[in-house]
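Residue strings, one per chain:
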Amino acid sequence: KQEVTQIPAALSVPEGENLVLNCSFTDSAIYNLQWFRQDPGKGLTSLLLIQSSQREQTSGRLNASLDKSSGRSTLYIAASQPGDSATYLCAVGEYGNKLVFGAGTILRVKS
Amino acid sequence: NAGVTQTPKFQVLKTGQSMTLQCAQDMNHEYMSWYRQDPGMGLRLIHYSVGAGITDQGEVPNGYNVSRSTTEDFPLRLLSAAPSQTSVYFCASNPRVNTNTEAFFGQGTRLTVV
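Residues numbered from 1 in each chain as written. Chains lettered and ligands numbered in written order. Predicted model: local features only at pLDDT ≥ 70, side-chain atom pairs only at ≥ 80, totals over all residues. Heavy atoms only, no water.

## So, the side chain of His 29 of chain B
Looking at the secondary structure, you find His 29 of chain B in the loop between strand S3 (19-25) and strand S4 (31-37). A polar contact of 2.7 Å, which involves the side chain of His 29 of chain B, links it to the side chain of Ser 93 of chain B. (Helix = DSSP H or I, 4+ residues; strand = E, 2+ residues; numbered from the N terminus. Polar contact = N/O pair within 3.5 Å; in protein donor to acceptor, adjacent residues only side chain to side chain.)

## Quick notes on the sheet that holds strand S6 (residues 56-59) of chain A
Residues and elements named next belong to chain A. Spatially, five strands are ordered S1-S3-S8-S7-S6 in an open sheet, and the strand pairing comes out antiparallel. The strands lining the two open edges of the sheet, one partner per strand, are strand S1 (4-7) and S6. Strand-to-strand, the axes of this sheet are offset by a mean angle of 15°, without reference to chain direction. Bridge count for strand S3 (residues 19-25) against strand S8 (residues 72-77) is six bridges, and the pairing is antiparallel. By the bridge assignment, Ser 24 is partnered in S8 with Arg 72. (Pairing = 2+ DSSP bridges. Axes fitted to C-alpha atoms, helices over the stretch in contact; angles between N-to-C directions.)

## Remarks on the pattern of salt bridges
All chains considered together, the criterion is met by five salt bridges over all chains. Two residues, Asp 39 of chain A and Arg 37 of chain A, come together in a salt bridge whose shortest N-O distance is 3.0 Å. Using a relative accessible area of 26% as the deciding quantity, one classes Asp 39 of chain A as partly exposed. By relative accessible area, which is 18% here, Arg 37 of chain A ends up buried. With its nearest N and O atoms 3.0 Å apart, the salt bridge here joins Asp 38 of chain B to Arg 36 of chain B. (Salt bridge = Lys/Arg side-chain N within 4 Å of Asp/Glu carboxyl O. Buried < 20%, exposed > 50% of the residue type's maximum accessible area, 1.4 Å probe, protein only.)

Shape is all these values report; function is a separate question.
Listed below in structure tokens is the structure:
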């Protein structure tokens, strides 16, 4: 059974810092890996999707990498801003569009 | 374009009551699913559907029923609510099955069973 772990569970940084969120998974037979953002009381917003054959994806200040063989993905956020404060969820996409989620990293960026 | 719409946003039920959580999408997506989110845990898949008339169980299906009579709608029914079903429920959709496409999520329904 696939298990997804996110470290750290919470992170507080001053504005302007570059930061890395970590995600690990136990079964390398994945279809893709997705990073989501969740604001309090809101739904999930897709940030990046990395196909299993890809190594990384970039969108603006966000860069996500994938190392299937070691079961790891990282989300890099450059020049963090207070508006980046949210919960970041990592999800492994399995065959059939099923997603297996980690518990998330709560990020607070202080101004 | 409304995306994925869930109703209601909040609901309080008494133990033993039944109710239906509504989910509708206006993007003509094939795949729809329901997840629940509990504190300290990742979202867990309850049921999913790969098209109208086709549904299947996810990781935590007990106590829930679904049906998919149209492409747009995928309601989740709680048959006899229990306190263990207190959670935030999310509906999601994908354009096609087994393609590398991002999932679209609704805003969630916060359910409390007392």
